[in-house]
Amino acid sequence: MNDVAEEAGWATAKTLAEALPYIQIYDRETVVIKYGGHAMGQEQVAKLFAADAVLLKLLGVHPVVVHGGGPQISRMLDKAGVKSTFVDGLRVTDEATMEVAEMVLSGAINKEIANWITLAGAEADVRGVGLSGKDARMITAEKVTRTRKDPGSNLEQVVDLGFVGEPTKIDPHIIQALLTSETDYIPVIAPIGVSVEGQTFNINADTVAGALAGALKAKRMLMLTDIAGVLDANGELIRQMSLAEARELIATGVASGGMIPKLENAIHAVESGVEAVVILDGRRPHAMLVELFSEHGAGTLISK
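Here we summarise the structure given alongside this text. Residue numbering note: each chain is counted from 1, following its sequence as written. Local features in this predicted model are restricted to residues of pLDDT 70 or higher, and side-chain atom pairs are both shown and tallied only at a pLDDT of 80 or more, whereas totals for entire chains, interfaces and linings draw on every residue. Excluding hydrogens and water, the side-chain figures rest on all heavy atoms present in the structure.

## Considerations on the sheet that holds strand β10 (residues 184–190)
Taken in spatial order, the eight strands line up as β5-β10-β2-β1-β13-β15-β16-β14 in an open sheet, and their pairing is mixed. Edge positions in the sheet fall to β5 (126–132) and β14 (240–242), since each has one partner strand and no second. Each strand axis lies, on average, 20° off the axis of its neighbour in the sheet, ignoring direction. By this definition, two strands are paired if DSSP reports at least two bridges between them. Helix and strand definitions follow DSSP, with helices as H or I runs of at least four residues and strands as E runs of at least two, each counted in order from the N terminus. Sheet analysis places β14 next to strand β16 (residues 300–303), joined by three bridges and oriented parallel. Bridge pairing in β16 places S242 opposite S303. The contact rule is simple, with two residues in contact once any of their heavy atoms fall within 4.5 Å. Whenever a helix is involved, its axis is fitted only over the stretch in contact; in every case the axis is a line through C-alpha atoms, and angles between N-to-C directions fall within 0 to 180 degrees. On the sheet, helix α2 (residues 43–58) packs against β1 (30–35), β2 (62–67), β5, β10 and β13 (220–225) and is oriented at approximately 135° with respect to β10. Along the sheet face, helix α4 (residues 95–120) touches β1, β2, β5 and β10 and points at about 170° away from the line of β5.

Structure follows, in structure tokens:
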């Protein structure tokens, strides 16, 4: 048993030594993490995610977490007897849905993730801070406008998504203040924005992550999802792609449903100054660490 334990110790030391070049690459760099999917509802996986976020902070990285909550919102809407419809992966949000969405996103989910991070970082005093885009004018939003072709007439039709918004202005000052504080804070952001007039909007979490990553000039944006990454027409994982190749996947219909806004936001984030975006499987333990600190990487990397 002692020999086995000793070998495990040497293997751990070797892994740490091999990670050194990558740790230096991300030292004092901002990494925006979009945390979502069904893995958020699994307590043990959520605790592992929180521990990995703390580890990133202690290794000199500045993680900023943006979370979704689609499955949790859907469950709460079902309990309330409110029916949901979707258009191109975006939830149509009426007044009743908006009320539930804000309660779930800014309340239960946001504070739970922040708390898991605080608990995981208790020994080193790393603290999760839960915020929404309504705090400190972080996310100013306006109503989303979407069109799609009518199957019968082939004419473009305007689709009313209700209280679904998109960011028009990002003010990252409160996030920057937290990242540069002497205390090790990890901001956790709920994807809720507010218009100039004061109207609350539900925003796609991928869109918020992309907008914040661009405003913060993040080194990386990691989009944790329920799949291994972006798949080609044969269902095989694409390890790396350019912006042009990402646009082609959308144009040809290979990317569909919820993958369309993911790719669109990845493209926008890179064009806004983010070095690269990675779409990867958040259900796999330590996926972020594999992506950032190993030569193998995880998921699909999108860059110029």
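## Here we look at helix α7 (residues 243–251)
Three exposure classes are used, based on accessible area relative to the maximum for each residue type with a 1.4 Å probe and protein chains only: buried under 20%, partly exposed in between, and exposed over 50%. Three or more residues of α7 are buried, namely L243, A246 and L249. One side of α7 holds all its buried residues, which, seen down the axis, span an arc of 120°. Along α7, the residues that are exposed and aim more than 90 degrees away from the buried face are A244 and A251. Along its buried surface, α7 packs onto β14, α8 (259–271) and β16. The directions from the helix axis to the C-beta atoms form the arc being described.

## A few points about the pairing of strand β15 (residues 276–281)
Regular strands show a simple pattern: their side chains alternate between the two faces of the sheet. Across the six residues of β15, six count as buried, placing the element largely inside the fold. Side chains A276, V278 and L280 of β15 all project onto a buried face; the interleaved residues V277, I279 and D281 project onto the opposite face, where all are buried too. The sheet contact formed by β13 and β15 spans six bridges and is parallel. Paired with M221 across the strands is V277, a residue of β15. In the sheet, β15 pairs with β16 via four bridges, with the strands oriented antiparallel. The partner of I279 across the bridge, within β16, is T300.

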